[in-house]
Amino acid sequence: MVSSHLDALGEKAKDYARNARAQNTRRAHESDWRQFSSRLRRQGFPASPPDPQTVGLYLAACADGTGRITAMSVASLERRLSGIAWHYRQLGQPLDTQDRHIATVLAGIRRAHGRPPVQKEAIFADDLLTMLATLDNDLRGLRDRAILAIGFAGGLRRSEIVGLDCGPSQGEDGAGWIEIFGAAKGAAGAKNEGGSDVSRAGNEGGSC
């Protein structure tokens, strides 16, 4: 009875392990390993244990498109390295991707073949109003309006928007919080020489 129970748990554990990765990711990693191991066999190298120097040579060949290999982009090359490293971990033989034979080769490939990020075109107030007008008045629409308006007003990046806290007491890992001040009253704020409201909390570097 105990044995059958353990067998059932073992099968369930295998199911969970298989579901740890998305199906597309699993297929991509399996394809990466097939390409890599096939290359090693043709070159007369063993696939196991992992050899960082061999992996570095393989990355260089993939970047340049040599030896019956189609040249790959930097992003595809990084994904292939991820798939190779994942397979070695499953074998209980972790590949040190920070080894100099891999890290320095990959850094050189990024420098030689990497493309600069595409600069996004800025939007203007009229563009923002047009975007806001397409949103519904339900809860989701109001949320999206707030996100767009705050991001535009603060000139915030996406990472900065998602890092915002609800207030100063929420946590220490956020990017800050938003405070809206009306007329300055008492300790809430003070007027500067130009007559505009200045928040004391804003001077602490936490509010936007």
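Worth saying up front: this structure is predicted, and the values here are computed from it rather than measured.

Another aspect to go through is the packing of aromatic side chains. Applying the stated rule across the entire model yields four aromatic pairs. With 5.0 Å between their ring centres and 85° between their planes, Trp33 and Tyr88 make a pair best called edge-to-face. Remark: Tyr88 occurs in helix H4 (residues 74-90) and Trp33 occurs in helix H2 (residues 23-43); sequence separation between them is 55 residues. Among the residues examined, Trp33 registers a relative accessible area of 12% and is labelled buried. Centre to centre, the rings of Phe36 and Tyr88 are 6.4 Å apart; their planes meet at 80°, and the pair counts as edge-to-face. With Phe36 in helix H2 and Tyr88 in helix H4, this residue pair connects regions lying 52 residues apart in the sequence. Taking relative accessible area as the criterion, Phe36 reaches 1% and is therefore assigned buried.

Note that predicted coordinates carrying low pLDDT should not be read in detail. Summing up the model confidence of the protein, the mean pLDDT is 78 and the portion of residues at 70 or higher is 76%. Mean pLDDT across the secondary structure elements of the protein bottoms out at strand E4 (residues 197-198), with 37, and peaks at helix H3 (residues 52-64), with 93. Contacts of residues 185-208 to residues separated by more than four positions or lying in other chains number 33 contacts, the stretch itself having pLDDT below 50.

One pass over the structure, following the stated rule, counts five salt bridges. In this structure, Asp32 engages Arg80 in a salt bridge whose closest nitrogen and oxygen atoms are separated by 3.4 Å. In this pair, Asp32 is assigned in helix H2 and Arg80 in helix H4, connecting sequence segments 48 residues apart. In this structure, Glu78 and Arg110 form a salt bridge, with 2.6 Å as the shortest nitrogen-oxygen distance. With Glu78 in helix H4 and Arg110 in helix H5 (residues 100-113), this residue pair connects regions lying 32 residues apart in the sequence. On the accessibility criterion, Glu78 (32% relative accessible area) is partly exposed.

The terminal C-alpha atoms of H5 lie 19 Å apart, and with 14 residues this matches the ideal 20 Å at 1.5 Å per residue to within 8%. Three or more residues of H5 are buried, namely Ile102, Leu106 and Ile109. Down the axis, H5 shows its buried residues gathered within 60° of arc, on one side only. Opposite its buried face, H5 presents the exposed residues Arg100, Thr104, Arg111 and Ala112, each directed more than 90 degrees away. Looking at the buried side of H5, the elements it contacts are H3 and H4. N-cap assignment for H5: the residue whose side-chain oxygen lies 2.8 Å from the backbone N of His101 is Asp99.

A separate point is the environment of Gly151. Within the secondary structure, Gly151 sits in helix H7 (residues 139-154). You can call Gly151 buried: its relative accessible area is 10%. For the pair Gly151 and Ile161, spaced 10 residues apart in sequence, the C-alpha separation works out to 6.5 Å. Beyond its immediate chain neighbours, meaning those up to four positions away, Gly151 contacts Leu156 and Ile161.

Our focus in this paragraph is the nonpolar core. Core analysis: the largest hydrophobic core is formed by 21 residues, its most contacted members being Phe36, Val55, Leu59, Leu77, Leu81, Ile84 and Leu95. Taken together, the elements giving at least two residues each to this core come down to H2, H3, H4 and H5.

Contact pair H3 / H4: the axes reach a minimum separation of 11 Å and the direction vectors enclose 150°. If you check the angle between H3 and H4, you find them roughly antiparallel. As H3 packs across H4, the resulting crossing turns out to be right-handed. When H3 is examined against H4, the residues Val55, Tyr58, Leu59, Cys62 and Ala63 are found in contact with a partner set consisting of Leu77, Arg80, Leu81 and Ile84.

The rules behind each value
- Residues numbered from 1 in each chain as written.
- Predicted model: local features only at pLDDT ≥ 70, side-chain atom pairs only at ≥ 80, totals over all residues.
- Heavy atoms only, no water.
- Phe/Tyr/Trp six-rings, centres within 6.5 Å; stacked < 30°, edge-to-face > 60°.
- Helix = DSSP H or I, 4+ residues; strand = E, 2+ residues; numbered from the N terminus.
- Buried < 20%, exposed > 50% of the residue type's maximum accessible area, 1.4 Å probe, protein only.
- pLDDT = per-residue confidence, 0-100.
- Contact = heavy atoms within 4.5 Å.
- Salt bridge = Lys/Arg side-chain N within 4 Å of Asp/Glu carboxyl O.
- Expected span 1.5 Å × (residues − 1).
- Arc of directions from axis to C-beta.
- Polar contact = N/O pair within 3.5 Å; in protein donor to acceptor, adjacent residues only side chain to side chain.
- Core = buried A, V, L, I, M, F, W, Y, C linked by side-chain atoms within 4.5 Å.
- Axes fitted to C-alpha atoms, helices over the stretch in contact; angles between N-to-C directions.
- Parallel < 35°, antiparallel > 145°, perpendicular 65-115°, else oblique.
- Left-handed = near helix turned anticlockwise from the far one by under 90°.

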